[in-house]
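Survey of secondary and tertiary structure
Take a look at the letters that make up each chain.
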Amino acid sequence: MERIKGYHAHVYYDESTFEQARALCEETAKLFPVTMGRMHRKPVGPHPDWSCQLAFGPELIGVVLPWLALYRKGLVVFLHPLTGDELADHRDHAIWMGAIRPLDLSIFE
């Protein structure tokens, strides 16, 4: 799996779940060597909803993914590897926890 240089988990939320998402992201960053991005209050990049990015190394997938699955409490989490092919990473290699949301992949074409 040398092709995978890391992962991004994007936690999706709206105004009503903002604090829940913040708590999840902050707790994840406390428990694991994860870099927490900004809490966006608008769609950013290909993401259709407000989101916060959690970035981490490939060696952590086995602990971060199951932890998010257990503690997301209904929040949608979009997780993808970083292989250098952003279109494939977001379209073909994605892992969804919760409802699959429509991404705007045109930015990668």
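If you check an unreviewed UniProt entry, the chain appears there as DOPA 4,5-dioxygenase from Pseudomonas japonica.

Now for the side chain of Ser51. Here Ser51 lies in strand S3 (residues 50-56). On the basis of relative accessibility, which here comes to 3%, the residue Ser51 falls in the buried class. Leave out the neighbours within four places in its chain, and Ser51 touches Val11, Tyr12, Tyr13, Arg38, Met39 and His40.

Membership of the largest hydrophobic core comes to 24 residues, with the highest contact counts inside it found for Ala9, Val11, Tyr13, Leu54, Phe56, Val64 and Leu68. For this core, the secondary structure elements donating two or more residues are strand S1 (7-13), helix H1 (18-31), S3, helix H2 (61-71) and strand S4 (77-81). Phe56 has contacts with Gly6, Tyr7, Ala9, Pro33, Val34, Ile61, Val64 and Leu79, leaving out every residue within four places of it along the chain.

Quick look at H2 now. Those residues of H2 lying buried are Val64, Trp67 and Leu68. Projection of H2 onto a plane perpendicular to its axis shows the buried side chains occupying an angular sector of 95 degrees, all on one side. Away from its buried face, by an angle of more than 90 degrees, H2 presents the exposed residues Gly62 and Leu70. Residues of H2 that are buried sit in contact with S1, H1, S3, S4 and strand S5 (95-97). Where H2 terminates, the next one or two residues include Lys73, which has phi positive at roughly 50 degrees.

How each quantity is defined
Residues numbered from 1 in each chain as written. Predicted model: local features only at pLDDT ≥ 70, side-chain atom pairs only at ≥ 80, totals over all residues. Heavy atoms only, no water. Helix = DSSP H or I, 4+ residues; strand = E, 2+ residues; numbered from the N terminus. Buried < 20%, exposed > 50% of the residue type's maximum accessible area, 1.4 Å probe, protein only. Contact = heavy atoms within 4.5 Å. Core = buried A, V, L, I, M, F, W, Y, C linked by side-chain atoms within 4.5 Å. Arc of directions from axis to C-beta.

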